[in-house]
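Examining the three-dimensional arrangement
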Amino acid sequence: MYYIDINKNKFTNLSNYYNNVSSEKVKNRKLLNSKRLIVLNQGKEVYSTNNIQSLYLYPLNILDYVKYAKEKKTLMYNILNMDGIKNNYNNLEIEEIKNVEILVDKENLKQFSGIVKFSQILKKKNKLVSFNLKTLNIDEIFLKKLCDIGDYFKVRLSNFENEDDYKSYLNKINQIKKWCNQDSVIHIKGYLEEKQVKYYEKLVRDTKENVDIIQISKELIPISYKTNPKVSNDVIDKIRALERTNENFISVKDLKTLYYPRFELDERNSHKCYVWYIKPYIKDNYILPCKVNKVIKNIDEWKVREILSDNNSNVIKYGKKCDDCASIFENDTLAEIIEFYNKGYDFLLEIDEK
């Protein structure tokens, strides 16, 4: 184990931290091995949590979120489409941000030149660039350009109809690995489908050297469903076997049902919203607090502001009026620990030595 601070300085023990003896700077991909956040007051541990969602926050980490939440600064942007950006690159405030995630789907592929141009601007300013690849039906020339730029590739795992579908997908993954930077992370994410388990097993075997994480999660239960279908014991056993024997394969804790229950905020949640300014979404010409359905369907009511406007909306409504939340982990965690930061306590991440 070792520790890193907000600037990714590595300390082999806490004594070295307090004596400011850092051995090196930790590379981003090491953040995937983050195990615990600890808070110290004069060398004494006053708080810790291993619920730090290292993969979910990557290529950033919980220390970034704490610092930017305290300072009320924008840490990253989530770009849902390029319509409002393509002619307004200079109007989007990017000087202090650390990361931009760009959605690449069938619709956004029509604007691939804009995606590449904007991504290149970001890299010249030393920003991290993530691509959320909802499709791999991408021209090889364009895919190679993305690989030249990207620090993190979150690739959707769709259901395969046959072996040809699988081989085509595998070929694209291998191309990404071949073309991307050595320090880039490739993360394949899919939703649990019982009939696809044989392909999970093949994918783990065939991408062992090329993929950092294969993640099988669960979708929210569809609104039309009155019951949550069970997952067979055979499937559960196969998923757990893959986890035990492959470090790069992960799944959810509870596999008994096919879907997550639909989530609503209740008295256990903080009802404080930090993420509307830490990691807002951009759709068309609007900066949005998040992407839950009620926001996307009522942009004029929920927008933070337009890209070309300095006039913010009445931001006090965020959190207080929400009954659904796409960023509940960040909001509840930050509400719990931000007071420690206000008091000047020390925050460190504990990381495996892998």
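That block above? That's the structure.
Now for a quick tour of the structure. (Residues numbered from 1 in each chain as written. Predicted model: local features only at pLDDT ≥ 70, side-chain atom pairs only at ≥ 80, totals over all residues. Heavy atoms only, no water.)

A cluster of nonpolar side chains, Leu220, Tyr260 and Phe263, forms an exposed patch at the surface whose accessible area comes to about 240 Å². Looking at the secondary structure, you find Phe263 in the loop between β12 (249–251) and α9 (275–278). Assessed through its relative accessible area of 33%, Phe263 is described here as partly exposed. (Patch = residues over 30% accessible without salt bridge, like charges linked within 9 Å, V, L, I, M, F, W, Y side chains within 5 Å. Areas by Shrake-Rupley, 256 points an atom, 1.4 Å probe, with all protein chains shown as cover. Salt bridge = Lys/Arg side-chain N within 4 Å of Asp/Glu carboxyl O. Helix = DSSP H or I, 4+ residues; strand = E, 2+ residues; numbered from the N terminus. Buried < 20%, exposed > 50% of the residue type's maximum accessible area, 1.4 Å probe, protein only.)

On to the pattern of salt bridges. Under the counting rule described, the total for this entry stands at 24 salt bridges. The partner of Lys67 in a salt bridge is Glu71, with the nearest N and O atoms 3.5 Å apart. Of this pair, Lys67 and Glu71 both sit in helix α3 (residues 62–71), 4 residues apart, which is roughly one turn of that helix. Using a relative accessible area of 25% as the deciding quantity, one classes Lys67 as partly exposed. With a shortest N-O distance of 3.6 Å, Asp323 and Lys294 are connected by a salt bridge. Of this pair, Asp323 sits in the loop between α12 (317–320) and α13 (328–342) while Lys294 is found in helix α10 (residues 293–296), placing the two residues 29 residues apart along the sequence. Given the relative accessible area of 27%, Lys294 is considered partly exposed. Linked through salt bridges whose partners overlap, the residues forming this network are Lys67, Glu71, Lys73 and Glu96.

This next bit is on the pairing of strand β6 (residues 76–79). Going residue by residue along β6, you find Met76 and Asn78 tucked away on one face and Tyr77 and Ile79 tucked away on the opposite face as well. Of the strand pairs in this sheet, β6 and strand β7 (residues 99–104) are connected by 4 bridges, and their pairing is parallel. Across the sheet, Asn78 pairs through a bridge with Glu101, a residue of β7. Where β6 lies against strand β13 (residues 281–283), 2 bridges are found, and the strand directions are parallel. The residue bridging Ile79 from the neighbouring strand is Ile282, located in β13. (Pairing = 2+ DSSP bridges.)

Counting across every chain of the model gives 2 cavities of 30 Å³ or more. What the largest cavity holds in volume is close to 150 Å³. What lines the largest cavity is a set of 19 residues, among which Cys273, Gly319, Cys322, Cys325 and Asn331 lie closest to the centre. Sorting the residues of the lining of the largest cavity by element identifies α12 and α13 as the ones contributing at least two each. (1 Å grid on protein atoms, 1.4 Å probe; cavity = no way out; pocket = protein on both sides within 12 Å on 5 of 7 lines; lining within 4 Å. Points joined across faces, edges and corners; volume = space filled by probe spheres on them.)

To continue, consider a positive patch on the surface. A contiguous patch of positive charge, built from Lys106, Lys134, Arg156 and Lys291, is present on the exposed surface. When you line up the elements, Arg156 lands in strand β9 (residues 152–157). (Lys, Arg positive; Asp, Glu negative; His and termini not counted. Charge placed at Lys NZ, Arg CZ, Asp CG, Glu CD.)

Below, the discussion takes up the side chain of Asn108. Within the secondary structure layout, Asn108 lies in the loop between β7 and α4 (112–124). In this structure Asn108 comes out as buried when scored by relative accessible area, which is 2%. Every residue in contact with Asn108, bar those within four places of it in the chain, is listed here: Leu80, Asn81, Met82, Leu103 and Ile115. (Contact = heavy atoms within 4.5 Å.)

What follows covers helix α5 (residues 140–149). Among the residues of α5, those classed as buried are Phe142, Leu143, Leu146, Cys147 and Ile149. Taken down its axis, α5 places every buried residue within 165 degrees of arc, on the same side. Exposed residues pointing more than 90 degrees away from the buried face of α5 are listed as Ile141 and Asp148. Next to the buried residues of α5 lie β7, α4, β8 (128–133), β9 and α6 (163–179). At the N-terminal end of α5, a side-chain oxygen is found 2.9 Å from the backbone nitrogen of Ile141, two or three residues along, and the residue is Asp139. (Arc of directions from axis to C-beta. Polar contact = N/O pair within 3.5 Å; in protein donor to acceptor, adjacent residues only side chain to side chain.)

Under the counting rule described, the total for this entry stands at 14 aromatic pairs. Both rings, one in Phe131 and one in Phe153, keep their centres 5.9 Å apart while their planes meet at 35 degrees; by these two values the pair is tilted. Note that Phe131 is positioned in strand β8 and Phe153 in strand β9, a separation of 22 residues in sequence. Assigned by exposure class, Phe131 and Phe153 land together as buried. Here the guanidinium or amino end of Lys10 rests over the ring plane of Tyr2, the centre of that ring lying 4.3 Å away. (Phe/Tyr/Trp six-rings, centres within 6.5 Å; stacked < 30°, edge-to-face > 60°. Lys NZ or Arg CZ within 6 Å of the ring centre and 35° of its normal.)

α6 packs onto α5 with a crossing angle of 45 degrees between their chain directions and a minimal axis gap of 8 Å. Classified by the interaxial angle, the pair formed by α5 and α6 is oblique. Considering how the two elements wind past one another, α5 and α6 form a crossing that is right-handed. Residues Glu140, Leu143, Lys144, Cys147 and Asp148 of α5 form the contact with α6, whose own contacting residues are Lys172, Gln175, Ile176 and Trp179. The residue inventory of the contact of α5 with α6, partitioned by class, reads 4 nonpolar, 1 polar and 4 charged. (Axes fitted to C-alpha atoms, helices over the stretch in contact; angles between N-to-C directions. Parallel < 35°, antiparallel > 145°, perpendicular 65-115°, else oblique. Left-handed = near helix turned anticlockwise from the far one by under 90°. Nonpolar A, V, L, I, M, F, W, Y, C, P; charged D, E, K, R; others polar.)

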